[in-house]
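Each chain, letter by letter, is given below.
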Amino acid sequence: MPSTSSIILVSLVVAIAIFINYPSPPLTDRIKKWKESGQYFEYKGHNRFYKESKGSGRDEDILMIFHGFPSSSYDYNKIWDDLTKMFGKVVVLDFLGYGLSDKPLGHNYLMVEHADSVEFLLKKLGHKRYHILSHDMGDTVAQELIHRQNKLTEAGKKGELEILSVCLMNGGIIPETIDMRLLQKVMLNPWLAPIAMRLSNRIMFKKGFGEVFGEKTQPTPEEFDDYYSVIGYNDGHLVTNDLIQYLPQRFANRDKWVGALEQTKIPLHIIFGPSDPVNPHNTFLKRYKELVPHSGVTELPSHISHYPHLEYPEGVAKAYKQFFESWKRNEASKKQE
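Before going into details, it helps to say that this report is about the structure given with it. Small disclaimer: the values here were computed from a predicted structure and weren't measured.

### Here we look at the packing of aromatic side chains
Taken as a whole and assessed by the stated rule, the structure comprises 23 aromatic pairs. A ring pair is formed by Tyr-40 and Phe-49, whose centres lie 5.6 Å apart and whose planes are at 70°; its orientation type is edge-to-face. Taking the centre distance of 5.0 Å and the plane angle of 5° together, the rings of Phe-213 and Tyr-307 count as stacked. Here Phe-213 is found in the loop between α8 (202-210) and α9 (221-232), whereas its partner Tyr-307 is found in the loop between β8 (296-299) and α14 (308-311), with 94 residues between them in sequence. In terms of burial, Phe-213 and Tyr-307 fall into one category: buried. The structure contains a cluster of three or more aromatic residues connected by ring pairs, namely Trp-34, Tyr-74, Trp-80, Phe-205, Phe-209, Phe-213, Tyr-227, Tyr-228 and Tyr-307. The ring of Trp-34 carries the charged tip of Lys-51 above its face, separated from the ring centre by 4.7 Å.

### Some thoughts on the packing of α8 against α9
For the pair α8 and α9, interaxial distance at closest approach is 11 Å and the crossing angle is 110°. Classified by the interaxial angle, the pair formed by α8 and α9 is roughly perpendicular. Contact with α8, carried on its side by Arg-202, Phe-205, Lys-206, Phe-209 and Gly-210, involves Phe-224, Asp-225, Tyr-227, Tyr-228 and Ile-231 of α9 and no other residues of that element. Each residue belonging to the contact of α8 with α9 can be placed in one class, and the counts come to 6 nonpolar, 1 polar and 3 charged.

### Quick look at the packing of helix α4 (residues 111-125) against helix α5 (residues 137-154)
If you want to describe how two helices pack, look at the angle between their axes and the distance between the axes. The interhelical angle for the contact between α4 and α5, taken along N-to-C directions, is 70°, at an axis separation of 9 Å. In this view, α4 runs roughly perpendicular relative to α5, as classed from their interaxial angle. Of the residues in α5, those touching α4 at Met-111, Val-112, His-114, Ala-115, Asp-116, Val-118 and Glu-119 are Met-137, Thr-140, Val-141, Glu-144, Leu-145 and Arg-148. Tallied by class, the residues present in the contact of α4 with α5 amount to 7 nonpolar, 2 polar and 4 charged.

### Some details on unusual backbone geometry
Phe-69 connects to Pro-70 through a cis peptide bond whose omega is 5°. Positionally, Pro-70 belongs in the loop between β3 (62-66) and α3 (80-86). Phi is positive for Asn-234, which is not a glycine, with a value near 60°. Positive phi values are uncommon outside glycine, yet Asp-235 reaches one of about 55°.

### Description of the pattern of salt bridges
A complete count under the given rule lists 22 salt bridges for this structure. Among the salt bridges present, the one from Arg-58 reaches Asp-61, with a minimum N-O distance of 2.7 Å. For Asp-61, a relative accessible area of 2% translates into the label buried. Among the salt bridges present, the one from Glu-290 reaches Arg-287, with a minimum N-O distance of 3.1 Å. Note that Glu-290 and Arg-287 are positioned in helix α13 (residues 281-291) at a spacing of 3 residues, about one turn of the helix. The class for Glu-290 is partly exposed, based on a relative accessible area of 45%.

### Concerning the side chain of Ser-295
Looking at the secondary structure, you find Ser-295 in the loop between α13 and β8. Taking the relative accessible area as the measure of exposure, Ser-295 reaches 10% and is therefore buried. At 2.7 Å, the side chain of Ser-295 forms a polar contact with the side chain of Tyr-288. Beyond its immediate chain neighbours, meaning those up to four positions away, Ser-295 contacts Leu-268, His-269, Ile-270 and Tyr-288.

### Quick word on the pairing of strand β1 (residues 39-43)
Alignment of β1 against strand β2 (residues 46-54), held across 5 bridges, turns out to be antiparallel. Directly across from Gln-39, in β2, lies its bridge partner Tyr-50. Counted between consecutive antiparallel strands, the loop separating β1 from β2 contains 2 residues, among which Lys-44 sits at a positive phi close to 55°.

### A word on the nonpolar core
Core analysis: the largest hydrophobic core is formed by 93 residues, its most contacted members being Phe-66, Leu-133 and Tyr-320. It is helix α15 (residues 313-336) that contributes the most residues to this core, 7 residues altogether. With sequence-adjacent residues up to four places away left out, Leu-133 is seen in contact with Leu-63, Met-64, Ile-65, Phe-66, Tyr-76, Ile-79, Leu-83, Cys-167, Met-169 and Tyr-320.

What counts and what doesn't
- Residues numbered from 1 in each chain as written.
- Predicted model: local features only at pLDDT ≥ 70, side-chain atom pairs only at ≥ 80, totals over all residues.
- Heavy atoms only, no water.
- Phe/Tyr/Trp six-rings, centres within 6.5 Å; stacked < 30°, edge-to-face > 60°.
- Helix = DSSP H or I, 4+ residues; strand = E, 2+ residues; numbered from the N terminus.
- Buried < 20%, exposed > 50% of the residue type's maximum accessible area, 1.4 Å probe, protein only.
- Lys NZ or Arg CZ within 6 Å of the ring centre and 35° of its normal.
- Axes fitted to C-alpha atoms, helices over the stretch in contact; angles between N-to-C directions.
- Parallel < 35°, antiparallel > 145°, perpendicular 65-115°, else oblique.
- Contact = heavy atoms within 4.5 Å.
- Nonpolar A, V, L, I, M, F, W, Y, C, P; charged D, E, K, R; others polar.
- Salt bridge = Lys/Arg side-chain N within 4 Å of Asp/Glu carboxyl O.
- Polar contact = N/O pair within 3.5 Å; in protein donor to acceptor, adjacent residues only side chain to side chain.
- Pairing = 2+ DSSP bridges.
- Core = buried A, V, L, I, M, F, W, Y, C linked by side-chain atoms within 4.5 Å.

Set out below in structure tokens:
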């Protein structure tokens, strides 16, 4: 008779073998529709998905949107129509490794490469002056781009591209205030991550993803299906450990990226969900206000958590419109001086 430990070991090996070879979840109809509304561009040998919509705003007003970890451009589907009413063009991309883009295994996913791909896409589309709306990991991409513009400004130079304003949402942009979730810690562990990635499933995803939403603002079953399918597309679960290395990059580049926010003359705003367990209100927002006193702040109702644009889209759209309209008024007054 085989021992109990042998049975457990064999069962574990079989389970891992099944998950290694288990196909990615099929895209839901809603994600398929989102994919059909966009297209692809190639950068450094990999295809990246993007979506550009013509809006009813002024032609010169261009909005560039960045999503966070572990999700995709689809995060903005609930406020897309609101944004297209404000701008002449609205552009969003899935960063390499995310959403509907290529997800190469073992790739060194660097924030600077994400920023490079943004600049490449903007030039390809012919957009030179633009606004940024970002969330989570995308906030760090925004910080890198702000840093680049700051350096040019300090040197008395002007680049091919110009950021006109930046609106951030919940994200660990001040590394010392991050309260990492258990799953994040597991995925950063070089021994546990390979096992956890291959044992990931819908139940585990729902639990982990649901933890960063408010109790009253949880995704519907259909929405969980959408997020699970787009994150898992192209074997997305197998690159999670590679993607989450953006967190160590934040700590390693803390002075550079936090300093970018402290030093910039670009108009800044943050829309913040206070119930965020990853970026706690009592530590993150207090520190942000101390370090970046020139930034505007919209604090949403207390039950809104880490994904404000999915949990409270109407509130985020209203807050962003107020910030953007304020920017337009300030620009108009400068021209009259």
